[in-house]
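Commentary on secondary and tertiary structure
Each chain is listed here by its residues.
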Protein chains: 2
Amino acid sequence: MSIDINNYLSDNAKNMRRSAIRDLLSVANKPEIISFGGGFPNQDTFPVEDLKQIMNDLLTEEPHKVLQYGSTEGSVLLRQQLAKKYQADGLDVTEKNIVITTASQQAIDLIARILINPGDTILCGLPSYLGALQAFYSYQANPVGIPKDEHAEVVVKTLCALGKKPKFIYAIPDYQNPTGVTMTMEQRLEIVEVAKKYDLIILEDSPYKEIRFDGESLPTIYSMCPERVILLGTLSKTFAPGLRLGWVLGSEQVIEKIIVAKQSADLCTPILNQELAGRYIASGKFDENLKKTIALYRGKRDLMLECLDKYMPEGVTWTKPDGGLFMLVTLPEGYDARDLFDLAIKENVAFIIGEVFFCDGGGQNTLRLNFSYVSDEKMVEGVKRLATATKKLMGIEE
Amino acid sequence: MSIDINNYLSDNAKNMRRSAIRDLLSVANKPEIISFGGGFPNQDTFPVEDLKQIMNDLLTEEPHKVLQYGSTEGSVLLRQQLAKKYQADGLDVTEKNIVITTASQQAIDLIARILINPGDTILCGLPSYLGALQAFYSYQANPVGIPKDEHAEVVVKTLCALGKKPKFIYAIPDYQNPTGVTMTMEQRLEIVEVAKKYDLIILEDSPYKEIRFDGESLPTIYSMCPERVILLGTLSKTFAPGLRLGWVLGSEQVIEKIIVAKQSADLCTPILNQELAGRYIASGKFDENLKKTIALYRGKRDLMLECLDKYMPEGVTWTKPDGGLFMLVTLPEGYDARDLFDLAIKENVAFIIGEVFFCDGGGQNTLRLNFSYVSDEKMVEGVKRLATATKKLMGIEE
């Protein structure tokens, strides 16, 4: 008979929340179900043949380097390649401003670890990325969301008056997860002003920025205020999530703190994976492949919007993302996406209920759809099924 | 002008300690220096050609699986292969008792995270593995060491009387880092008795167990008391540290808690790396290769002992490990390994000062030597140089 581990848990552990996405997806884990649930990139974007070649080169030319321990800050080659991209965007940074992490989930975790004390307030979007909220909860923080049409300053002012000044602002400015919405230039400027006025750090999470379908890319918040922004990037959406490669861009002082935290968290990220990515970016093929990914996802976004338009009943609305992997569907007031989920599973289609992204417990009538993963054929069929379930929910005859 | 991040740090961050090993090794990072410092496996043990083949097979047969997100608990194949090894040792476990981690450093970190509250006492060896101490400090724990010739129960009793009952016991029973010493059967039984009597968890860290040179392997503490032991394993010393693959073996309840913690820590360990290791172990080549590794390291241990005997001055002593990668050298009372380090660097040889492994601030006259990494030729020359530095320290004419 084993001891009950619940009697030994830390306060951090008691505050941890199991991923609702994981639980929802486990229900949806049947081959007949078409899933818009996960945030998976499309497998057709993986540059398999190029990776095979580079991996073979690496294991032929530098096996003793790539199979050995690497440094905590990460591969010089990869950090230089990433720095070059930022330099091309006009940022005054070098590889010394970058630490490689075991994908950007670890970057969020390490920053939470070095900044959050139990009870700290973190300002975030309403809704916001569940994985970040989970990390914040696991350090006993209280995430507070900025309501959709509210100004960040109003919320910060109120929090300060209550003695709950935020420790930092967590923002995903480009094609946010879960809404797909992009912050306007005015909103970016405003958040920088608020950060300066109230002496706040901004954590800018930027996993999708390079996947833009239409129009011009807006500048990073980092570029507007490098002195108080920590920027996170990842190769999970533009390259291959199976490699687990992300990074933090920040002042050398911030990077040094993250290196110390990472030493005890996992010592280093696999050097084999880092050198693979470094060589791939250096070859110029990363940029070529990214263009194909963008074209593929643009087509999928268009198809999903078209299908939603065609099949969804009156009263249901959705966001129209300029990039990224997600859109948010809103049911008419009063309907609950949990009820829709049950009906949808019966129709063999799955999604993520939106409320898991709302730290205030709201968003009951919303659902997140991913459009990057499924084939075009399945997407059409999946939206049809979702529309059928939605009509059943709303009592509309087909 | 960037903000000063020190003004925003969490209490956890303030308690973090930069790795002394990292700092010591940065001094030793010159080609002319022979380093006994790091805990690197020998590069000749990396099965490069086999890995190249398996990697090519993986990227040919299952590219979409190994480049995509994996599950948080890890590859079924790898977990099954690891479970099979434990089953062969007579343990009643399945893959459900295993979660894969980003090497065992992450396993230590996640267990610290789910168990430690600030101020908690952790019982450990004196000395003990620095990376574990770092992880404990980063959650604001107070590690307390069991003195060399003291019984664990005496220490636990004293701590309980002081209201500082340990949260868990951290032990490395086989060829411990940094001493290379192995716990006897009596010591294992004693620690289990203490854990039962005082209702403690035991964290059994077992990175070197398979690398035994002489005699019979002693049973794991886990096998003696599976209900209150959490066992950690890694492929970093027996396969390739560059892949970052470790694991936790425990009750399904413990594994579930670690999975939730890992979700927000890094979501999952690279599935590519896991499948590579899983296939390699399944092929039977892992066990073949391990035999060669053991033979290689046995020879290196013998050579280091022989050289120490031959060159070191009277009064200096050292451990004689039955396995693993390390031995601990003790200088006569009153001499400081920091002074020896400065002299050794002048002679172009490096090691890790022992005191970084002593959580009580002791061990000033000790140093850790690694015998797995350098070539035989360099080992002879390195020990000669170390002996020269030691004689200088002790004022002995060559």
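It should be emphasised that the depicted structure is a prediction, and the values quoted were computed from it without experimental measurement. (Residues numbered from 1 in each chain as written. Chains lettered and ligands numbered in written order. Predicted model: local features only at pLDDT ≥ 70, side-chain atom pairs only at ≥ 80, totals over all residues.)

Considering the pairing of strand β4 (residues 142-146) of chain A
Residue and element names in this part refer to chain A. Put simply, the rule reads: When DSSP finds two or more bridges between two strands, those strands count as paired. Numbering goes from the N terminus for both helices and strands, where a helix is a DSSP run of H or I of at least four residues and a strand is a run of E of at least two. Viewed with both strands pointing away, a crossover whose connecting path from the first strand over the helix to the second turns clockwise is right-handed.
Here five bridges tie strand β3 (residues 121-125) to β4, and the two strands are oriented parallel to one another. Residue pairing in the sheet places Cys 124 in a bridge with Gly 145 of β4. In this region the chain leaves β3, passes through helix α7 (residues 130-138) and returns to the parallel neighbour β4; the handedness of that crossover is right-handed.

Topic: the sheet that holds strand β6 (residues 201-205) of chain B
All names here are of chain B. Which entries qualify depends on this criterion: Under this scheme, a helix contributes an axis fitted over its contacting stretch, all axes are lines through C-alpha atoms, and angles between N-to-C directions fall in the 0 to 180 degree range.
On the basis of which strands lie adjacent, the open sheet formed by seven strands has the order β2-β8-β7-β6-β5-β3-β4 and mixed pairing. Of all the strands in the sheet, just β2 (98-102) and β4 (142-146) have a single pairing partner and so form its edges. Averaged over all adjacent pairs, the angle separating strand axes in this sheet is 25°, with direction ignored. Pairing between β2 and strand β8 (residues 245-249): five bridges, direction antiparallel. Paired with Thr 101 across the bridge in β8 is Gly 246.

Observations concerning the relation of the copies chain A and chain B
Here the second copy of the chain follows from the first by a rotation about an axis and a shift along it. Convention followed: All copies are superposed by least squares; the fitting set is the C-alpha atoms of residues with a pLDDT of at least 70 in both. Contact between two residues is assigned when their C-beta atoms, built from the backbone, lie within 7 Å.
Each copy superposes on the other: chain A lies on chain B with an RMSD of 0.0 Å after a rotation of 180° and an axial shift of 0.0 Å. Overall, the copies show the geometry of a two-fold rotation axis. Same-surface contact between copies: 100% of interface residues of chain A are shared with the interface of chain B.

Observations regarding the domain arrangement of chain A
Residues and elements named next belong to chain A. Defined as follows: For the domains described, the bounds stem from an automatic or database domain assignment. Residues are grouped as follows: nonpolar covers Ala, Val, Leu, Ile, Met, Phe, Trp, Tyr, Cys and Pro; charged covers Asp, Glu, Lys and Arg; every other residue, Gly included, is treated as polar.
When the domains of chain A are assigned, the result is domain 1 (5-45 + 287-394) and domain 2 (48-283). One C-alpha centre belongs to domain 1, the other to domain 2, and the line joining them spans 24 Å. Opposite the 33 residues of domain 1 that make contact, domain 2 presents 33 residues. Only α1 (11-15), α2 (20-27), α13 (285-311) and β10 (326-330) provide two or more residues apiece to the side of domain 1 that touches domain 2. Taken together, the residues of the side of domain 1 that touches domain 2 break down into 16 nonpolar, ten polar and seven charged.

Quick look at the interface of chain A and chain B
Between chain A and chain B, the contact holds 68 residues from the first and 68 residues from the second. Where the side of chain A that touches chain B is concerned, the elements lending two or more residues are α1, α3 (48-61), α4 (63-66), α6 (103-115), α7, α11 (252-265) and α12 (271-282) of chain A. Per element, the largest residue contribution to the side of chain A that touches chain B is eight residues, and it comes from α11 of chain A.

What to know about helix α15 (residues 376-394) of chain B
All names here are of chain B. Inclusion rule: Take the number of residues in a helix, subtract one, and multiply by 1.5 Å to get its expected span. Every C-beta atom is placed from the backbone, and the number of other C-beta atoms within 10 Å of a residue's own sets its class: buried at 20 or more, exposed at 12 or fewer, partly exposed in between.
Between its first and last C-alpha atoms α15 spans 27 Å; for 19 residues at 1.5 Å apiece the expected length is 27 Å, and the two agree. Within α15, the full set of buried residues consists of Met 379, Gly 382, Val 383, Arg 385, Leu 386, Ala 387, Ala 389, Thr 390 and Leu 393. At its buried positions, α15 is contacted by β1 (34-35), α13 (285-311), α14 (337-346) and β11 (349-350).

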